[in-house]
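A look at the structure
Residues per chain, in single letters:
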Amino acid sequence: MLLRIVVLMACLGALSACGSVLTATTSDVAGIAGAGIANAVNKSPAAATGIGLGVAAGANAGLQYLERDVHTVEQDRIASAAGALTPGTIGHWSVRHSIPIEDDEHGDLVVTRLLGADDFNCKEIVFSVDTVKQKVVNRAFYTATVCLDGQTWKWASAEPATARWGPLQ
């Protein structure tokens, strides 16, 4: 019975595509699973608390890893689309996530200027994230920097979703 509840809550959380609901659901599922494990292992309240906290921390770390992976894929798509553009040319980007913890997204982008030198090629970009709510398109605009890393354009803006921040994201 406990396993069925855990699986049901995990499925509902995965389908929600809402970060706060998904985080809360992950914590709830981890708490239920931790309580089940603690009861099976021993009857000590201190041990049960430790097991519950450990399971919750592990579940949250796993969710954060998945979120970083989803953001990296999105940033790589934007960087790739920008890499093919010359300044002033408008391009399009889109991403379809294989893990449904966030909505698929799309938008437009433009390279505003080139940065760097011969072996240090970077581009400053402005991009939109377009969402549709009640048949109305809403655009949010952002800026970023992308740089050529070998043959691949990569996200270079220092923000929490870049790999260099590691577990601090």
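Residues numbered from 1 in each chain as written. Predicted model: local features only at pLDDT ≥ 70, side-chain atom pairs only at ≥ 80, totals over all residues. Heavy atoms only, no water.

Some remarks on the sheet that holds strand β5 (residues 152-155)
The test is simple: For two strands to count as paired, DSSP must find a minimum of two bridges between them. Here a helix means four or more residues in a row that DSSP labels H or I, a strand means two or more in a row labelled E, and each is numbered from the N terminus. Fitting a line to C-alpha atoms yields each axis, with helices limited to the stretch in contact; the angle taken between N-to-C directions then spans 0 to 180 degrees.
Here we have 5 strands laid out as an open sheet, ordered β1-β2-β3-β4-β5, and antiparallel in their pairing. In this open sheet, the two strands that pair with only one neighbour each are β1 (90-95) and β5. Taken pair by pair, the neighbouring strands of this sheet meet at an average axis angle of 40°, ignoring direction. Direction of pairing for strand β2 (residues 105-117) relative to strand β3 (residues 120-133): antiparallel, over a ladder of 9 bridges. Bridge pairing in β3 links R113 to E124.

Topic: the environment of Y142
What counts is decided by this rule: Whether two residues are in contact is decided by their heavy atoms: any pair within 4.5 Å suffices.
If you trace the backbone, Y142 turns up in strand β4 (residues 136-149). As a C-alpha pair, Y142 and S128 span 14 residues in sequence and 6.3 Å in three-dimensional space. Sequence-distant contacts of Y142, that is, excluding residues within four places in its chain, are made with I125, V126, F127 and V129.

Focus: the pairing of β1
The following threshold applies: Per-residue accessibility, obtained with a 1.4 Å probe over protein chains only, is compared with the maximum for each type, and a residue is labelled buried under 20%, exposed over 50%, and partly exposed between these values.
Residue alternation in β1 divides its side chains into a buried set, G91, W93 and V95, and an unburied set, I90, H92 and S94. With 6 bridges joining them, β1 and β2 adopt antiparallel strand pairing. Across the sheet, residue S94 finds its bridge partner in β2, namely H106.

Notes on the environment of I78
By the element assignment, I78 lies in helix α3 (residues 45-83). Look at I78 and you get buried, because its relative accessible area is 2%. The spacing of I78 and G107 is 29 residues in sequence and 9.1 Å in space, taken between C-alpha atoms.

Some details on the side chain of D130
Our working rule: Any N or O atom pair separated by 3.5 Å or less is treated as a polar contact, with the protein-specific requirement of one donor-capable and one acceptor-capable atom, and with residues adjacent in sequence counted only for side-chain atom pairs.
Mapped onto the elements of the fold, D130 is located in strand β3. Within the structure, D130 has its side chain in polar contact with the side chain of S128 (distance 3.1 Å). A distance of 2.9 Å separates the side chain of D130 from the side chain of R139, its partner in a polar contact. If sequence neighbours within four positions are ignored, D130 has contacts with H106, G107, D108, V137, N138 and R139.

So, unusual backbone geometry
At Q134, a residue that is not glycine, the phi angle is positive and equals roughly 55°. Exposure remark for Q134: the relative accessible area of 78% places this residue in the exposed category. For K135, which is not glycine, the phi dihedral falls at a positive 65°. Residue placement: K135 occurs in the loop between β3 and β4.

Interpretation in functional terms is not warranted from these geometric data alone.
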